[in-house]
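Next come the chains, spelled out residue by residue.
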Amino acid sequence: MQPKTGHRHPITATIAEINDIFSRIGFSLAEGPEMEKEHYNFDRLNVAKDHPSRDMQDTFWLKSEDVDEPTVLRTHTSPVQARYMDTHKPPIRIIVPGKVFRNEATDATHEAQFYQLEGLCVDEEINLGHLKGVLEYFFSNFLKGEVEVRFRPSFFPFVEPGLEVDMRLLSGESKLKGKWVEIFGAGMVHPNVLKESGIDPKKYTGYAFGGGIDRLIMIKYGIDDVRNLYAGDLRLVNQF
């Protein structure tokens, strides 16, 4: 009699699937620390000193007596961009899946900790057309159907211009078919971020994008409460 064997959690399996899709078009996987220095989490990403995300109410700060410099539970995976550019020069193509932390109440669509996917491409003559093509490729492969992507203007300190990314399923059986869904934030990497990383913004340009892996799972599998992914309920986990 064969013993029962375990299997990967849906979040772990999804990260592996995402990595496989991006690896086919030349992206490598990068990782970084979940306890991050203020320097990398905010300063290197062009986040102003008075930005609300630096407040105690929005971010988990470690006690000053426990660290040698201001440190937070990272609020996004973007610090990995800066760390990667410290040791790598263009061309750069990476994705960064990992856990992030926000000091906020939880509900069906928000958690104080969740998984985020970050993407970064830096090379000569990179533009928003490249970003749109990559995102349409990814969403179409991940959701197993034709997907349309559109951009709307937005603001994020580390990109210029900043964009909200919406997607719309054009085929398949999902109840979201035909509806526009806000899914990612994105934009062209801010010249200040490139300069701080020792990359000449007059020679190189790049795009970055980021969004919740949990949200991608909820859309793909029709899960209506993000907290179910962390509850350890085998009735959900064993469906994968």
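Before any of the text, the structure's been laid out above.
Residues numbered from 1 in each chain as written. Predicted model: local features only at pLDDT ≥ 70, side-chain atom pairs only at ≥ 80, totals over all residues. Heavy atoms only, no water.

Visitor: Before we go on, may I ask you to explain the pairing of strand 7 (residues 159-169) in this structure?
Guide: Walk down a regular strand and you will see the side chains alternate between the two sheet faces. Of all 11 residues that make up strand 7, eight are buried, and the element is covered over most of its length. As judged from the eight bridges shared by strand 6 (residues 147-154) and strand 7, these two strands associate in the antiparallel manner. Residue pairing in the sheet places Val 147 in a bridge with Leu 169 of strand 7. Connecting strand 6 to the next strand, strand 7, in antiparallel fashion are four residues. (Buried < 20%, exposed > 50% of the residue type's maximum accessible area, 1.4 Å probe, protein only. Helix = DSSP H or I, 4+ residues; strand = E, 2+ residues; numbered from the N terminus. Pairing = 2+ DSSP bridges.)

Visitor: Quick question: what am I supposed to make of the packing of aromatic side chains here?
Guide: Any aromatic ring pair is given by two values, namely how distant the centres are and how the planes are angled relative to each other. Evaluation of the coordinates by the stated rule reveals 11 aromatic pairs. Considering the side-chain rings of Phe 22 and Phe 138, the 4.8 Å spacing of their centres and the 20° angle between planes classify their relative orientation as stacked. Of the two residues, Phe 22 sits in helix 1 (residues 10-23) while Phe 138 sits in helix 4 (residues 128-142), which places them 116 residues apart along the sequence. Judged by relative accessible area, which is 0%, Phe 22 ranks as buried. Three or more aromatic residues link up through ring pairs in this structure, and these residues are Phe 22, Phe 27, Phe 138, Phe 139, Phe 142, Phe 184, Tyr 207 and Phe 209. Here the basic side chain of Arg 150 rests over the ring of Trp 180, its NZ or CZ set 4.2 Å away from the ring centre. Lys 220 extends its terminal NZ or CZ atom over the ring of Phe 142, reaching a point 4.3 Å from the ring centre. (Phe/Tyr/Trp six-rings, centres within 6.5 Å; stacked < 30°, edge-to-face > 60°. Lys NZ or Arg CZ within 6 Å of the ring centre and 35° of its normal.)

Visitor: I tried to follow helix 1 on my own but got confused; where do I start?
Guide: Because the α-helix completes a turn every 3.6 residues, residues three or four places apart line up on one side. In this model, helix 1 (14 residues) spans 20 Å end to end at C-alpha, consistent with the 20 Å of a helix rising 1.5 Å per residue. For helix 1, every residue scored as buried is listed here: Pro 10, Ile 11, Thr 14, Ile 15, Glu 17, Ile 18, Ile 21 and Phe 22. Around the axis of helix 1, the buried residues are gathered within 165° of arc, so they sit on the same side. Buried residues along helix 1 sit in contact with strand 4 (92-101), strand 5 (113-123), helix 4, strand 9 (205-212), helix 6 (213-221) and helix 7 (234-237). (Expected span 1.5 Å × (residues − 1). Arc of directions from axis to C-beta. Contact = heavy atoms within 4.5 Å.)

Visitor: What's the story with unusual backbone geometry in this structure? I'm lost.
Guide: Excluding glycine, residues mostly carry a negative phi; peptide bonds, for their part, are mostly trans. The amide bond that connects Pro 90 to the next residue, Pro 91, takes the cis arrangement and shows omega of 5°. One can find Pro 91 in the loop between helix 3 (79-87) and strand 4. Following Glu 160, the chain continues to Pro 161 via a peptide bond in cis, the omega torsion being 0°. Locating Pro 161 in the fold gives a position in strand 7. Positive phi, normally seen in glycine, also occurs at Asn 46, with a value near 65°. One can find Asn 46 in the loop between helix 2 (38-41) and strand 3 (71-73). What makes Asn 46 partly exposed here is its relative accessible area of 27%. The phi dihedral of Glu 125 is positive, around 60°, even though this residue is not glycine.

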